[in-house]
Amino acid sequence: MAEKGVKVFGMWASPMVIRVEWALRLKGVVYEYVDEDLASKSDALLRRNPVTKKVPVLVHDGKPIVESTIIVEYIDEAWKDGYPIMPADPHDRAQARFWARFADDKCNAAIYPVFTATGKAQREVVREAQRCLKTLETALEGKKFFGGDAIGYLDVVVGWYAYWLPVIEEVSGASIVTDEELPLMKAWFDRFLAVDVVKDTLPPRDKLLALNMARRAQLLSA
Amino acid sequence: MSNVPIKGVDVYQSSSQFIYQFLISLAVYINPRGLARIIRSQPEHSATTSINATHVSYLRFAHHQGLPMAGGGEGELKLLGVWTSPFVIRVRVVLNLKSLPYEYVEENLGSKSALLLGSNPVHQSVPVLLHGGRPVNESQVIVQYIDEVWAGVGPSVLPADPYERAVARFWAAYVDDKVGSAWTGMLFSCKTEEERAEAVSRAVAALETLEGALAECSGGKPFFGGDAIGFVDVVLGGYLGWFGAIDKIIGRRLIDPARTPLLARWEERFRAADAAKGVVPDDADKMLDFLPTLLAWIASKAK
């Protein structure tokens, strides 16, 4: 009995999960979405990803694929006749992968502290986050999207900033991506969120805001 | 047709061979993917090797003549590195697997060259691959770049099947995450012997997981990549030089044949491979002698 179809194990507020959904929707792939309670993970999830036990997990015809950036590349290769996610040229692909690593390793590490920092400490971490994002921003110069005229791999990987950073800013009272400090990135945020596949997949902002406010309060009181 | 010497290498022996090879290279130029498909579908024997050799010969000839280089990429290869770096070593193994000639430049990270700083301004680290002068950074990115640009040349490092590629990428990421962070802990960031011991136990735990991964991925064959060295093999293999040195520091083997027998046999096979010769260090003392230099470089960066 061969399992057929596409299933995504995720969590509605996770930016790593949304990358996978954006990639699937760009390819027009129909999938079943399974929302997980990360405090009480399902047996199905743990069976599919015993090594890291995290979401997202993509299950394609019974085979599990984990790690969001790896899943996105898999989707591009498995549905190779659909929308092109990775750039065609090998050097452009190397650049896209390089920046994706930079964003996930450096930018995310610089952004997370903003969430709970306050006062003078917050100004320091905001400056560090802006430094990282300014470096990433150089990959946007002269282009509508990181992928060029249309969104591509790097847009899918860092696109969550466009929706989640304003929420983090609102929750923490910080100001990271401004017209003065990061004009290209700010303009890209607007263009990215206007893309149909993107705007049709976003979690409700009020729910996301409430979740992050509660999370922040919890972390600050710990 | 007379011989066309290229940097002392005579590529063509006769006019008929030249015509044959020119037609092949024309086919490559018109349809490089088609040729790559032909190569991948051939059983592993001399026919494939001769097409590959022809292809490489064409590349060298074309480069010299300034002809378009379809399916192989234009331009010289230069690798900036440090001989002990696991990240540099894996790139060198891949270049060797594909028999790609390159210039190797040993970098002094205490006094970084203008070329390094200009090629990798974001991280200012090695390895940096320069291809026709254009930099490619991040070792796993570089390995995939080489595999894609020289897809028809020599063995493939990543599998062809998308699912198998995803599995290989997963384990490669796992290696650099778990083994890599433990490696940093064991050598560079530990300030006490307790901290080093903690890092060692993290490394051993990761290697035990990788023992299971090897059993699964290899299906009883010699490497994570199966019959031949693949992506996970080169990524983990890059650390072997340091494992030998760390074994001396801690007085026992990280890859313990009693706990991880498959990995212990894998290590022997990997070290014995032609592609690893001369790039995977086997002199633990030499590495330990170099460690203070590395620590000094790290300390100066921290200022």
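Residues numbered from 1 in each chain as written. Chains lettered and ligands numbered in written order. Predicted model: local features only at pLDDT ≥ 70, side-chain atom pairs only at ≥ 80, totals over all residues. Heavy atoms only, no water.

Caption draft 1: Examining the overall build of chain A more closely. A count of helices and strands for chain A gives ten helices and four strands. Overall, chain A shows an N-to-C arrangement of helices and strands of β-α-β-α-β-β-α-α-α-α-α-α-α-α. In terms of overall size, chain A behaves like a compact globule, its C-alpha atoms giving a radius of gyration of 18 Å where 222 residues would be expected to give roughly 17 Å. By principal-axis analysis of the C-alpha atoms, chain A measures approximately 60 × 45 × 30 Å. Per-residue burial for chain A yields a buried fraction of 50% across its 222 residues. As presented, chain A carries roughly 10200 Å² of accessible surface, and 52% of it is formed by carbon and sulfur atoms. (Helix = DSSP H or I, 4+ residues; strand = E, 2+ residues; numbered from the N terminus. Rg over C-alpha atoms; globule rule 2.2 N^0.38 Å. Buried < 20%, exposed > 50% of the residue type's maximum accessible area, 1.4 Å probe, protein only. Areas by Shrake-Rupley, 256 points an atom, 1.4 Å probe, with all protein chains shown as cover.)

Caption draft 2: Just the packing of aromatic side chains, in detail. All names here are of chain B. For the structure shown, the criterion picks out 22 aromatic pairs over all chains. Ring centres of Phe224 and Trp266 lie 5.8 Å apart, and the angle between their planes is 80°; on these two criteria the pair is classed as edge-to-face. Of this pair, Phe224 sits in the loop between α8 (193-218) and α9 (231-237) while Trp266 sits in helix α11 (residues 261-272); the two residues are 42 residues apart in sequence, bridging distant segments of the chain. This pair shows no difference in class: Phe224 is buried, exactly as Trp266 is. Here the aromatic cluster, defined as three or more aromatic residues joined through ring pairs, consists of Phe87, Trp183, Phe188, Tyr239, Trp242 and Phe243. (Phe/Tyr/Trp six-rings, centres within 6.5 Å; stacked < 30°, edge-to-face > 60°.)

Caption draft 3: Quick look at the pattern of salt bridges. Taken as a whole, this structure holds 28 salt bridges over all chains when the rule is applied. Notably, a salt bridge pairs Arg90 of chain B with Asp176 of chain B, separated by 2.7 Å at the nearest N-O pair. Of this pair, Arg90 of chain B sits in helix α4 (residues 86-97) while Asp176 of chain B is found in helix α7 (residues 162-189), placing the two residues 86 residues apart along the sequence. For the pair Arg90 of chain B and Asp176 of chain B, one class covers both residues: buried. Its salt-bridge partner being Lys221 of chain B, residue Asp227 of chain B comes within 3.4 Å of it at the nearest N-O pair. The exposure class assigned to Asp227 of chain B is exposed, which follows from its relative accessible area of 57%. For Lys221 of chain B, a relative accessible area of 41% puts it in the partly exposed group. Salt bridges sharing partners connect three or more residues here, namely Glu73, Glu77, Arg93 and Arg97 of chain A together with Glu148, Arg165 and Arg169 of chain B. (Salt bridge = Lys/Arg side-chain N within 4 Å of Asp/Glu carboxyl O.)

Caption draft 4: The arrangement of the environment of Glu124 of chain A in detail. All names here are of chain A. Its location among the elements puts Glu124 in helix α5 (residues 119-137). Exposure remark for Glu124: the relative accessible area of 43% places this residue in the partly exposed category. Placed 21 residues apart in sequence, Glu124 and Phe145 show a C-alpha to C-alpha distance of 29 Å.

Caption draft 5: How the structure looks around the interface of chain A and chain B. In this assembly, 24 residues from chain A lie in contact with 21 residues from chain B. At the boundary of chain A with chain B, the tally comes to six salt bridges. A salt bridge links Arg169 of chain B to Glu77 of chain A; the shortest N-O distance between them is 3.1 Å. Taken together, the links from chain A to chain B amount to seven residue pairs in polar contact (both at pLDDT 80 or more). When contributions to the side of chain A that touches chain B are tallied by element, the ones reaching two or more residues are β4 (63-66), α3 (68-78) and α4 (90-116) of chain A. The leading source of residues in the side of chain A that touches chain B is α4 of chain A, at ten residues. Within the side of chain A that touches chain B, the residues separate by chemical class into twelve nonpolar, three polar and nine charged. (Contact = heavy atoms within 4.5 Å. Polar contact = N/O pair within 3.5 Å; in protein donor to acceptor, adjacent residues only side chain to side chain. Nonpolar A, V, L, I, M, F, W, Y, C, P; charged D, E, K, R; others polar.)

Caption draft 6: Representation of the packing of helix α7 (residues 160-172) of chain A against helix α10 (residues 205-221) of chain A within the structure. Residues and elements named next belong to chain A. Two elements in contact, α7 and α10, have axes whose closest approach is 10 Å; the angle formed by their N-to-C orientations is 50°. The angle between the axes of α7 and α10 places the two elements in the oblique class. Crossing of α7 against α10: the hand is right-handed. Of the residues in α10, those touching α7 at Tyr163, Trp164, Pro166, Val167, Glu170, Val171 and Ser172 are Arg205, Leu208, Leu209, Asn212, Met213 and Arg216. (Axes fitted to C-alpha atoms, helices over the stretch in contact; angles between N-to-C directions. Parallel < 35°, antiparallel > 145°, perpendicular 65-115°, else oblique. Left-handed = near helix turned anticlockwise from the far one by under 90°.)

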